[in-house]
Amino acid sequence: MTDRHPRIVALANQKGGVGKSTTAINLGAALAFQGVKVLLIDLDPQGNATSGLGIDRGAIKLSIYDVILKEAELADAVEPTSVKNLFVVPATIDLAGAEIELVTQFSRETRLRLAIEQTNQDYDVVLIDCPPSLGLLTVNALAAADEVLIPIQCEYYALEGLSQLLKNIDLVASNLNPGLKVGGVVLTMFDARTNLSRDVATQIRKHFGDIAYRTVIPRSVRLSEAPSFGEPIEAFDSMSRGAIAYRHLGKEFRKRNGLQEVEG
């Protein structure tokens, strides 16, 4: 496991509905169940990762908004989840105005990075669930991250807008974060029964090569149901196809990043 610097991963795709928050929640939970200590930062004003982990948004005292705009300590905004080893910095509706508020702020692109650097808490992996846009919140995530993980749904227009995301990643790497790279692409909402899913998967693997994870996430009713119960799929239905897929993704992620499994 890492001693000081955690592996920081921004989950980003400006297209909505691609399984980004689902992947943030369930990759985080899969890693946590495998003994990796994970912090999930919910940077999306919709707060799907927050509610999907059972956090009552009405009872939140400090959120990522307070960290980025009010200079609250990151550690003070961390909430435990029902999963051992998985912690979350929640999002509230306040975050919806953060893009505008950040415009006039000093060091507006690097506030999240500074907050993570200044925390004394020890995590192995930090996952950042980005909003489905390329504004200042996403730039903050990219400026803080070691790598970007891009969920891509196996549907029409899957690659639409992706070139703009890749350009933005290059811009942030050039100007704010020289070490930033695309660390992985995850195929989501895969339906093996359709030619479309198979064609899109082939196209993405051809385009990204080894950056694309071997694990694909199936389209699954159980995956869709789990967030309304405030649970990751591993806790909600560990024998479902979605849970099995995210377990495999967690193992593949660990192997890529040199993270050992810790029992118990």
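One can find the structure itself at the top, above this paragraph.
Every value quoted in this text rests on a predicted model; they were computed, and no experiment measured them.

> I tried to follow the overall build of the protein on my own but got confused; where do I start?
Scanning the protein for helices and strands turns up 12 helices and eight strands. Since a compact globule built from 264 residues should have a radius of gyration of about 18 Å, the 17 Å found for the protein is in line with a globular shape. Once the C-alpha set of the protein is aligned to its principal axes, its extents read approximately 50 × 40 × 35 Å. Put simply, the protein has 264 residues, and 56% of those count as buried. Nonlocal contacts in the protein, meaning residues at least 24 apart in sequence, comprise 77% of its contacts between residues at least 6 apart. Entry remark: accessible area of the protein is about 11900 Å², with carbon and sulfur atoms responsible for 51%. Taking the 27 positively charged and 32 negatively charged side chains of the protein as two groups, their mean positions are separated by 6 Å.

> In this structure, what is going on with the nonpolar core? I would like to understand it.
Across soluble globular proteins, nonpolar side chains have a tendency to be buried as a group. By size, the foremost hydrophobic cluster in this structure holds 53 residues, and its most contacted members are Ile41, Ile64, Leu74, Ile116, Ile128 and Ile150. A per-element tally of this core places helix H7 (residues 136–144) first, with six residues. Once you skip the residues sitting within four places of it in the chain, Ile64 turns out to touch Ile41, Asp42, Leu43, Leu74, Val89, Pro90, Ala91, Leu95 and Leu112. Counting 34 residues, the second-largest nonpolar core is a separate cluster that includes Val36, Leu40, Ile55 and Val186.

> Whenever I open this one, the packing of aromatic side chains confuses me. Can you help?
Any pair of aromatic rings gets described here by the distance separating the centres and the angle formed by the planes. Per the counting criterion, the structure on display carries three aromatic pairs. Residue placement shows Arg256 over the ring face of Tyr213; its charged tip is 3.7 Å from the ring centre.

> What exactly am I supposed to notice about helix H12 (residues 241–257) here?
Spacing of three or four residues puts side chains on the same side of an α-helix, whose turn is 3.6 residues. Here H12 contains 17 residues, and its C-alpha end-to-end distance of 24 Å stays within 8% of the 24 Å for a straight helix at 1.5 Å per residue. Residues Gly242, Ala243, Ala245, Tyr246, Leu249, Gly250, Glu252, Phe253, Arg254 and Asn257 constitute the buried set of H12. In the segment just after H12, Gly258 is the residue with positive phi, at about 65 degrees.

> Whenever I open this one, the environment of Val126 confuses me. Can you help?
Along the chain, Val126 turns up in strand E5 (residues 125–129). Note on Val126: relative accessible area 2%, which makes it buried. Residues Val126 and Pro6, spaced 120 residues apart in sequence, show a C-alpha to C-alpha distance of 6.4 Å. When residues no more than four places from it in sequence are discounted, the contact partners of Val126 are Pro6, Arg7, Ile8, Val9, Leu39, Ile41 and Ile116.

> Can you walk me through the side chain of Thr92 in this structure?
Secondary-structure assignment places Thr92 in the loop between strand E4 (86–89) and helix H5 (98–102). Residue Thr92 is classed as buried on the basis of its relative accessible area, which comes to 13%. Separated by 3.5 Å, the side chains of Thr92 and Ser63 make a polar contact. Sequence-distant contacts of Thr92, that is, excluding residues within four places in its chain, are made with Pro45, Arg57, Ile60 and Ser63.

> Could you clarify how one ought to interpret the sheet that holds strand E7 (residues 181–190) in this entry?
Hydrogen bonds along the backbone pair up the strands of a sheet, which may run parallel or antiparallel. Pairing is mixed across the open sheet formed by eight strands, whose spatial order is E3-E4-E2-E5-E1-E6-E7-E8. Lying at the two open borders of the sheet, with one neighbouring strand each, are strand E3 (79–80) and strand E8 (212–218). Note that E7 and E8 share three bridges and pair parallel. Across the sheet, the residue bridging to Phe190 is Pro218, located in E8. Its contacts with the sheet put H7 on strand E1 (7–11), E5 and strand E6 (147–153), and the angle it makes with E1 is roughly 150 degrees.

> Before we go on, may I ask you to explain the side chain of Thr188 in this structure?
In this fold, Thr188 is placed in strand E7. When sequence neighbours within four positions are dropped, the list of residues in contact with Thr188 reads Val18, Thr23, Pro151, Ile152, Gln153, Cys154 and Ile217.

> I keep staring at the pairing of E7 and nothing clicks. Help me out?
Regular strands have side chains that alternate between both faces of the sheet. For E7, the tally of buried residues reaches nine of 10 residues, placing the bulk of the element in the interior. Pairing analysis gives seven bridges linking E6 to E7, with the strands arranged parallel. What sits directly across from Ile152, in E7, is Leu187. Assessed by its sense of winding, the connection that carries the chain from E7 through helix H9 (residues 195–208) to E8 is right-handed.

Procedures and definitions
Residues numbered from 1 in each chain as written. Predicted model: local features only at pLDDT ≥ 70, side-chain atom pairs only at ≥ 80, totals over all residues. Heavy atoms only, no water. Helix = DSSP H or I, 4+ residues; strand = E, 2+ residues; numbered from the N terminus. Rg over C-alpha atoms; globule rule 2.2 N^0.38 Å. Buried < 20%, exposed > 50% of the residue type's maximum accessible area, 1.4 Å probe, protein only. Contact = heavy atoms within 4.5 Å. Areas by Shrake-Rupley, 256 points an atom, 1.4 Å probe, with all protein chains shown as cover. Lys, Arg positive; Asp, Glu negative; His and termini not counted. Charge placed at Lys NZ, Arg CZ, Asp CG, Glu CD. Core = buried A, V, L, I, M, F, W, Y, C linked by side-chain atoms within 4.5 Å. Phe/Tyr/Trp six-rings, centres within 6.5 Å; stacked < 30°, edge-to-face > 60°. Lys NZ or Arg CZ within 6 Å of the ring centre and 35° of its normal. Expected span 1.5 Å × (residues − 1). Polar contact = N/O pair within 3.5 Å; in protein donor to acceptor, adjacent residues only side chain to side chain. Pairing = 2+ DSSP bridges. Axes fitted to C-alpha atoms, helices over the stretch in contact; angles between N-to-C directions. Right-handed = clockwise from strand over helix to strand, strands pointing away.

It is worth stressing that arrangement in space is one thing and function is another; only the former is reported here.
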